[in-house]
Amino acid sequence: MRRYCSLMALSLVLVVSLSGATIFGTVRGLVHDPQHRPVPDVTVVLNAKASAFTMTAQTDLNGEFHFDAVPVGEYTVTVSKTGFAREEQTAAVLSGTAPILHFELQLASITQSINVSEEAAPAQTESVTTTTLIDREQIQQTPGASRTNSLALITDYVPGSYFTHDQLHIRGGHQVSWLIDGVPIPNTNIASNLGPQIDPKDIDTLEAQRGGYAADYGDRTYGVFNVAPRTGFERNNEAELVLGAGNFYQTDNQFNLGGHTNRFAYYASMNGNRTNIGLQTPTSSVIHDGANGYGGFTSLIYNANARDQVRLVGQVRRDFYQVPFDPNDPDTQGQFLKDANRETDSFITASWLRTFSPGLMLTASPFYHSNTANYESSALDLPSSATERRSSKYEGGQFAISWVKGRNNLRTGLYGFAQQDSQQFGLIYNDNSAPNLDPPDIERPAGGLIAPYVEDQFKLTSWLTLNAGLRQTHFSGGLAENATSPSAGASVRVPGLHWVFRGFYGHFYQAPPLLTASGPLLQFVTNQTLGFVPLHGERDEEHQFGVTIPFRGWTIDADNFLTRAKNFFDHNSLNNSDVFFPVTIQGARINGWELTVRSPRIANRAQAYLTYSNQLALGYGNINGGLTDFSFGKGFGLLDHDQRNTLHAGGQYTLPWRAYASTDVYYGSGFTNGDPTIPGDHLQPHTTFDLSLGKKLGESFSINVQAMNAANRRVLLDNSFTFGGTHFLNPREIVLQIRYRFHY
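These notes cover the structure that comes with them.

## Some points on the overall build of the protein
Here is step 1: When its secondary structure is counted, the protein shows four helices and 42 strands.
Here is step 2: Relative to its length of 744 residues, the protein is compact, with a C-alpha radius of gyration of 26 Å against a globular reference of 27 Å.
Here is step 3: Counted over contacts in the protein with a minimum sequence separation of 6, partners at least 24 positions apart contribute 67%.
Here is step 4: The averaged location of the 67 negative side-chain charges in the protein is 6 Å from the averaged location of its 53 positive side-chain charges.

This is the structure we're talking about:
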């Protein structure tokens, strides 16, 4: 442990001279007159579309303007000067990007006071990272998306993502990264957590990345979810009370407040929820499936001066899940099972942003994360009663420097953490079929990770941008590993058409969980004809090609990807219990193509979207890490979450009398069939329809009614053995939500 702390201390010392990478974006541009002469002293205003966030600048003698530390999201940029017509453009800011906007001011006339660009530039003009932006208004209106334990904000809008056996999957893998303002919240455990990382009601903008990552990220590579949290800058001493109630005795409530001065902004929230249907059930009946939780969240921003900003984000939460069961299972008949999973999670991140000059910025972001998951089963369970208690603590930081100058957008930095785990496992055989592991075995592994990186985005011409990055990772745990992860990409913007083609090739490394087995536990698994093999990190190779097409306000984005993985992370249950241990499969091959379509506001009343994914997820070889019997099969085999076709289509519609409607239609072609008694490689297709209807009642009140799976279709979703056994689609849920806003 002392070695890991020394390593982190050394990182803190080195970062001042070495670090780099930005957790925001930069917006810059040029303003000229009809004769293409630069126009100085033009007022440039940047406004967020989803909140009241704004920034103002003036053009210099060269007609140039520059905004640093711009949070991810969609913005409107307006330029104005006496004697000229106002000009307006839209811009999407992604992590680490530096879009360049060009404005041509026209002389003012009586009939023309503002010019709006006919077509917004797509978000992918420079970045080779495949990205989707979801804002707070979409989260509030999308059916079910704002509920505390919902991931609909991801599954509805991000192709290749779906929720099965109680876990989020994206592009064929489980491992995803959650970030706050670009600061990763480390979590190397993939098998024991059920609750989402952040309450959707606390999110202002979600940047969902699903491939082609910059060197800044690389520890959980199947999805990166960068959260720009709500801040007090969006309100003025305003509070909001959100009350929700629905069938299955569910309720989901939050109280939040926020405000700001010229230099300081604060936001804080408290939430509580409960329901009688928490996990996906093993039968069409809902039995022993309650869940509840509560938590708090805060975001603080202080602008010390024009060059220095300090940000603090923290959260605590606790979740409880009953584990449902099948009353027709011969091993559970006549029993009242009490299996449950209890989870707690807390984190705090602090970021200091120092702007040395326009385009040159330092960020230093220390963090702390604590996570526990405790599984307890009934003492009467057959054939066995299992207990698992796990806790993980992470201390570390991300330190970064970004330099945007001319054609270069250079980022370099250092990321690392020390980790301490405590693992307790016990197993009692009530049918006397095997020796017990009692008293429970306790393991306390420790480890650490450190990863310097560098990334450059070079704008070779106005239509060609090149990306290159390198990440070097050192991991120490049950074993020590080093990984070099290079990446390269390019984006080409076709003049006139504004189509953007992008290509990417890169390698990624994912550190393994700190799973160990020694002493009584090792002897126990040996007696069970199992073995323990130390977990190695997953090593991924990714190829990706895509195109973004803007057309009269519509945005069409398509991409094709191939991921080859060695030591693919998965999880297995032990002895048909609900206790799951991470394992690695020798290899995996996941490929597919994806499509997203976003419309503009149609007749100023409606906006539609479509996301589609066609993918194939294959594994091959033996289980070569973790607690294992080394079996998987020869050659390629379907992974348990393979689903060939996944489609979401819907939209938001503005109705008369200050009302709106939002819909989502989901189609899945069926997950892998793991039961040889059921014919076919995949289970049956399934479709659901979700609907949300809302209305404003004055300036303070609003009401919303949501129906998830409105047709109440109940089909077998998947039959892989995870929490509770097999899984059915959730039944129809109807929720009433009331929002009340007031000033204090």
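Having seen it, we continue.
## Description of empty space enclosed by the protein
Here is step 1: Overall, the coordinates contain 14 cavities of 30 Å³ or more when judged by the stated rule.
Here is step 2: Considering only enclosed or pocket space, the largest cavity measures out at about 1,000 Å³ in volume.
Here is step 3: In terms of lining residues, the largest cavity is bounded by 48 residues, among which Arg 147, Ser 150, Phe 163, Asn 730 and Glu 733 are the most central.
Here is step 4: Across the lining of the largest cavity, the residue classes break down as 18 nonpolar, 22 polar and eight charged.
Here is step 5: Roughly 680 Å³ of internal volume is contained in the second largest cavity.

## Some thoughts on the pairing of strand 38 (residues 686-697)
Here is step 1: Looking at chain direction, strand 37 (residues 659-668) and strand 38 are connected through ten bridges and run antiparallel. By the bridge assignment, Asp 664 is partnered in strand 38 with Asp 690.
Here is step 2: Pairing between strand 38 and strand 39 (residues 701-708): seven bridges, direction antiparallel. Looking across to strand 39, one finds that Gly 694 is bridged to Asn 704.
Here is step 3: Here strand 38 folds back onto strand 39 in antiparallel fashion, the turn holding three residues, of which Gly 698 has a positive phi close to 80°.

## Some details on the sheet that holds strand 4 (residues 64-70)
Here is step 1: Reading across from one edge, 4-1-7 is the order of the three strands in this open sheet, with mixed pairing throughout. At either end of the open sheet lies a strand with only one pairing partner, and these are strand 4 and strand 7 (100-104). Between one strand axis and the next, the sheet turns by 20° as a mean value, whatever way the strands run.
Here is step 2: With five bridges connecting them, strand 1 (residues 25-32) and strand 4 associate as antiparallel partners. Each residue of the ladder has a partner; that of Gly 29, found in strand 4, is Phe 65.

## Points about the sheet that holds strand 9 (residues 131-135)
Here is step 1: On the basis of which strands lie adjacent, the open sheet formed by five strands has the order 9-14-15-12-13 and mixed pairing. Strand pairing shows two members of the sheet lacking a second neighbour, strand 9 and strand 13 (183-184), which therefore form its edges.
Here is step 2: Bridge analysis of strand 12 (residues 177-180) against strand 15 (residues 224-229) gives four bridges, and the strand direction is parallel. Looking at strand 15, one finds that Leu 179 is bridged to Asn 226.

## Side note on the packing of aromatic side chains
Here is step 1: Applying the stated rule across the entire model yields 18 aromatic pairs.
Here is step 2: Taking 6.3 Å as the distance between ring centres and 65° as the angle between the ring planes, the aromatic pair formed by Tyr 267 and Phe 297 counts as edge-to-face. With Tyr 267 in strand 18 (residues 264-275) and Phe 297 in strand 19 (residues 291-303), this residue pair connects regions lying 30 residues apart in the sequence. An identical accessibility class is assigned to Tyr 267 and Phe 297; each is buried.
Here is step 3: The interplanar angle of 75° and the centroid separation of 5.7 Å between the aromatic rings of Tyr 394 and Phe 417 together place this pair among those described as edge-to-face. Linking Tyr 394 in strand 23 (residues 384-405) with Phe 417 in strand 24 (residues 408-429), this pair joins segments that are 23 residues apart in sequence. Neither Tyr 394 nor Phe 417 differs from the other in exposure class; each is buried.
Here is step 4: If you follow Arg 171 out to its NZ or CZ, it ends over the ring of Phe 561, 4.0 Å from the centre.

## Let's talk about the nonpolar core
Here is step 1: Ranked by internal contacts, the top residues of the largest apolar core, which has 35 residues, are Ile 154, Trp 178, Leu 206, Phe 225 and Phe 568.
Here is step 2: For this core, the elements supplying multiple residues, two or more each, are helix 3 (152-155), strand 11 (167-170), strand 12, strand 14 (203-209), strand 15, strand 32 (554-573), strand 33 (580-598) and strand 34 (606-628).
Here is step 3: Formed by 19 residues, the second largest nonpolar core is a distinct cluster that contains Val 42, Val 70, Val 93 and Leu 105.

## What about the side chain of Gln 544?
Here is step 1: Tracing the chain through its elements places Gln 544 in strand 31 (residues 538-551).
Here is step 2: You can call Gln 544 buried: its relative accessible area is 6%.
Here is step 3: Polar contacts involving the side chain of Gln 544 include one to the side chain of Thr 130, which spans 2.6 Å.
Here is step 4: Ignoring anything within four residues of it in the chain, the contact list for Gln 544 reads Val 128, Thr 130, Arg 171, Arg 210, Gly 211, Gly 212, Arg 502, Gly 503, Phe 504, Asp 559, Asn 560 and Phe 561.

## Some remarks on unusual backbone geometry
Among all residues except glycine, the phi angle is most often negative; among peptide bonds, the trans geometry is most common.
Here is step 1: A positive phi angle, close to 55°, is found at Ala 69, a residue other than glycine.
Here is step 2: In this model, Phe 248 sits at a positive phi of 60°, which is unusual for a non-glycine residue.
Here is step 3: Within the secondary structure, Phe 248 is located in the loop between strand 16 (238-246) and strand 17 (250-260).

Quick notes on the rules
- Residues numbered from 1 in each chain as written.
- Predicted model: local features only at pLDDT ≥ 70, side-chain atom pairs only at ≥ 80, totals over all residues.
- Heavy atoms only, no water.
- Helix = DSSP H or I, 4+ residues; strand = E, 2+ residues; numbered from the N terminus.
- Rg over C-alpha atoms; globule rule 2.2 N^0.38 Å.
- Contact = heavy atoms within 4.5 Å.
- Lys, Arg positive; Asp, Glu negative; His and termini not counted.
- Charge placed at Lys NZ, Arg CZ, Asp CG, Glu CD.
- 1 Å grid on protein atoms, 1.4 Å probe; cavity = no way out; pocket = protein on both sides within 12 Å on 5 of 7 lines; lining within 4 Å.
- Points joined across faces, edges and corners; volume = space filled by probe spheres on them.
- Nonpolar A, V, L, I, M, F, W, Y, C, P; charged D, E, K, R; others polar.
- Pairing = 2+ DSSP bridges.
- Axes fitted to C-alpha atoms, helices over the stretch in contact; angles between N-to-C directions.
- Phe/Tyr/Trp six-rings, centres within 6.5 Å; stacked < 30°, edge-to-face > 60°.
- Buried < 20%, exposed > 50% of the residue type's maximum accessible area, 1.4 Å probe, protein only.
- Lys NZ or Arg CZ within 6 Å of the ring centre and 35° of its normal.
- Core = buried A, V, L, I, M, F, W, Y, C linked by side-chain atoms within 4.5 Å.
- Polar contact = N/O pair within 3.5 Å; in protein donor to acceptor, adjacent residues only side chain to side chain.

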